[in-house]
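Listed here are the chains, written in short residue letters.
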Amino acid sequence: GEDVEQSLFLSVREGDSSVINCTYTDSSSTYLYWYKQEPGAGLQLLTYIFSNMDMKQDQRLTVLLNKKDKHLSLRIADTQTGDSAIYFCALDMGRRALTFGSGTRLQVQP
Amino acid sequence: GAGVSQTPSNKVTEKGKYVELRCDPISGHTALYWYRQSLGQGPEFLIYFQGTGAADDSGLPNDRFFAVRPEGSVSTLKIQRTERGDSAVYLCASSHHETREVHEQYFGPGTRLTVT
């Protein structure tokens, strides 16, 4: 929605790094999340970051949080064709329900 | 060890009809969420149950939408007098956040509703 914005599309070559960006307006979230959605499959939680952290690394995934600029990013190292999917950032905005961005479609070219 | 399941996977109905969508959460999960995902958009929150009660129904678009969870497990989302604008994928998620601070929600595959 308008509270959480993402670019629509990203294309990278296999083996390169991918960086998916998310900006938001509300700063009340405790946790910020990245979800992955593949065709015909449910949303899968990839990783999350606590709001008082600047960075979190989890294998090939690196999450960066800039609270001042209200900017969240997901970096995927050594991107593979299996990483092709739609990626959503999501914020809790201080409540249980999540507010999602509109998603970034990642296309990985061989 | 099943995940969240939703039935039916697809539902086609005529404008004005009543529909029910079912969600079976992961066993033991106390929290259950309904979201709606329109084409090209992210999921939008509808309602959240903690146990049997609706703890937050602020996302329900109007009074045609209603959801129940009578025994604190299975939930049914009910839509009356369906409109073409209700066409979307309805997603259910569950979580067991009483013992964990981070609200890790596990999503089902969704029910695709088409109103003709």
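For clarity, every value in this text was computed on a predicted model and none was experimentally measured.

S.K.: Residues and numbers for the state of the cysteines, please.
M.R.: Residues and elements named next belong to chain A. Inspection of every chain in the model, using the stated rule, returns two disulfides over all chains. A sulfur-sulfur separation of 2.0 Å characterises the disulfide bridge that pairs C22 with C89. Judged by the torsion about the S-S bond (65 degrees), the C22/C89 disulfide is right-handed. One end of the pair, C22, is in strand 3 (residues 18-24); the other, C89, is in strand 9 (residues 85-91), with 67 residues separating them in the sequence.

S.K.: Kindly report on the interface of chain B and chain A, identifying the contributing residues and their values.
M.R.: The interface is formed by 22 residues belonging to chain B together with 18 residues belonging to chain A. For the pair chain B and chain A, the two sides together bury roughly 1700 Å², of which 55% comes from carbon and sulfur. Across the chain B-chain A interface, the total number found is one salt bridge. Viewed at the interface, chain A and chain B are joined by six residue pairs in polar contact (both at pLDDT 80 or more). Elements with a minimum of two residues in the side of chain B that touches chain A: strand 4 (31-37) and strand 5 (44-50) of chain B. In terms of residue count, strand 4 of chain B provides more of the side of chain B that touches chain A than any other element does, three residues in total.

S.K.: Break down the pattern of salt bridges for me, citing the residues and quoting the values.
M.R.: Enumeration according to the criterion identifies seven salt bridges over all chains in this entry. Within the structure, one salt-bridge network assembled from shared partners comprises B:R64, B:E83 and B:D86.

Conventions used here
Residues numbered from 1 in each chain as written. Chains lettered and ligands numbered in written order. Predicted model: local features only at pLDDT ≥ 70, side-chain atom pairs only at ≥ 80, totals over all residues. Heavy atoms only, no water. Disulfide = S-S within 2.5 Å. Helix = DSSP H or I, 4+ residues; strand = E, 2+ residues; numbered from the N terminus. Contact = heavy atoms within 4.5 Å. Buried area = accessible area lost by both parts, 1.4 Å probe. Salt bridge = Lys/Arg side-chain N within 4 Å of Asp/Glu carboxyl O. Polar contact = N/O pair within 3.5 Å; in protein donor to acceptor, adjacent residues only side chain to side chain.

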